[in-house]
Amino acid sequence: MLRYVATRALSLGLSLVVASVVIFALIEVIPGDPASYMLGMNATDETLAALRAELGLDGSKVERYFAWVGGMLTGDFGTSYTYRVPVSELVLDRLWVSLPLAVYALTLSTLIAFPIGILAAANRGRVLDYGIMGGTQLGIAIPNFWFAMLLVLLFAVTLQWFSAGGFPGWEDPLLAIKSLTLPAVALALPQASILARVMRSALLETLGQDYIRTARAKGLSRRQAVLRHALKNAMIPVLTIIGLQFSFLLAGAIIIENVFFLPGLGRLIFQGITQRDLVVVESVTMLLVFAVILVTFLVDVAYALVDPRLRRR
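This structure is a prediction, so every number in the text was calculated from the model and none was measured. (Residues numbered from 1 in each chain as written. Predicted model: local features only at pLDDT ≥ 70, side-chain atom pairs only at ≥ 80, totals over all residues. Heavy atoms only, no water.)

Q: Help me understand helix H5 (residues 87–122) in this model?
A: It helps to recall that an α-helix has 3.6 residues per turn; residues three or four apart then point in one direction. Here H5 spans 50 Å end to end across 36 residues, near enough to the 52 Å set by a 1.5 Å rise per residue. The largest bend along H5 measures about 40 degrees and falls at Leu95. (Helix = DSSP H or I, 4+ residues; strand = E, 2+ residues; numbered from the N terminus. Expected span 1.5 Å × (residues − 1). Bend = angle between axes of the 7 residues up to and from the residue.)

Written as structure tokens, this is what we have:
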């Protein structure tokens, strides 16, 4: 097990190195000069040179890359060009929006997907199964930003049950959760559709095993066989998808956060791109990539703990 964990940790480290190179290279080739953006078109060459030196933009790209990576390894993510505060402070402030939103959306997705996935598997080939699969296909096909705008139009503009956007802070937890409800629903719909289809497929594969047929031969109904035996054995691929979905919801909510004007990490990246705040974009993107890779690593380790066959492979 230790050898397996060490191998996966090495793969994690290599993935982070490759990701850091790709992120830095892609952001550095974006046209535009942060110093020119901040000072305007009428700035003199001397003023621009002084600001580039102050922002650390006067060195070569290789020097800037290693300075950036070295700073992250020591917990220094740099200072925002626009806000003139450490990037770590910006991340901590915005994380209190993005993390609860991701957890909220994942909870809704799981609560929706589990029962309909089980119902579809228990009624394979029947009208209910076809109806659920058709609904989940529609849920996957609908863009979440378009669905988010429909939610705003219905529940915020027409019914006025929720606000159309913004985040009031956590001073009033109920009001904060209410403000995250529509964004969480918009994020949860496609994820619930995917998870329900995975749950159905995993259950159907498990229901075809010999021990399920033995349980049915002993008198258990299909429903009893699903709930007592098949469900827990079908959870491994489902839990993997849940782990990956959490990473996606944390790192991939940029559009939804902008639709609802939520001050989260996704909106921070978007603002950093529009303001040419390179250090914010690079550092926040790298942190999100690290979160995705770390969750994948933890899922792999949990897999190996549950199923020893993976360690032997």
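Q: I'm lost on unusual backbone geometry in this one. Help?
A: Excluding glycine, residues mostly carry a negative phi; peptide bonds, for their part, are mostly trans. Residues other than glycine seldom take positive phi values, yet Arg84 does so here, at roughly 55 degrees. Residue position: Arg84 is located in the loop between helix H4 (61–73) and H5. You can call Arg84 partly exposed: its relative accessible area is 45%. One non-glycine residue, Phe261, lies in the positive phi region at around 55 degrees. Take Phe261: it is sitting in the loop between helix H12 (254–259) and helix H13 (265–274). Classification of Phe261 as exposed rests on a relative accessible area of 51%. (Buried < 20%, exposed > 50% of the residue type's maximum accessible area, 1.4 Å probe, protein only.)

Q: I would appreciate a short explanation of a nonpolar patch on the surface in the present structure.
A: A surface patch of nonpolar side chains, amounting to about 660 Å² of accessible area, comprises Phe145, Trp146, Met149, Leu150, Leu153, Val157 and Ile255. When residues of the nonpolar patch are assigned to their parent elements, the largest contribution, six residues, is made by helix H7 (residues 144–158). With respect to the element layout, Phe145 can be found in helix H7. (Patch = residues over 30% accessible without salt bridge, like charges linked within 9 Å, V, L, I, M, F, W, Y side chains within 5 Å. Areas by Shrake-Rupley, 256 points an atom, 1.4 Å probe, with all protein chains shown as cover. Salt bridge = Lys/Arg side-chain N within 4 Å of Asp/Glu carboxyl O.)

Q: Looking at this model, I keep getting lost on the nonpolar core. Mind explaining?
A: Considering soluble globular proteins, one finds that nonpolar side chains tend to be buried as a cluster. Ranked by internal contacts, the top residues of the largest apolar core, which has 72 residues, are Trp68, Met199, Leu203, Val238 and Val284. At 14 residues, the largest contribution of residues to this core is made by helix H8 (residues 173–207). Val284 has contacts with Val87, Val91, Leu265, Leu268 and Ile269, leaving out every residue within four places of it along the chain. (Core = buried A, V, L, I, M, F, W, Y, C linked by side-chain atoms within 4.5 Å. Contact = heavy atoms within 4.5 Å.)

Geometric descriptors of this kind do not, in isolation, establish any biological role.
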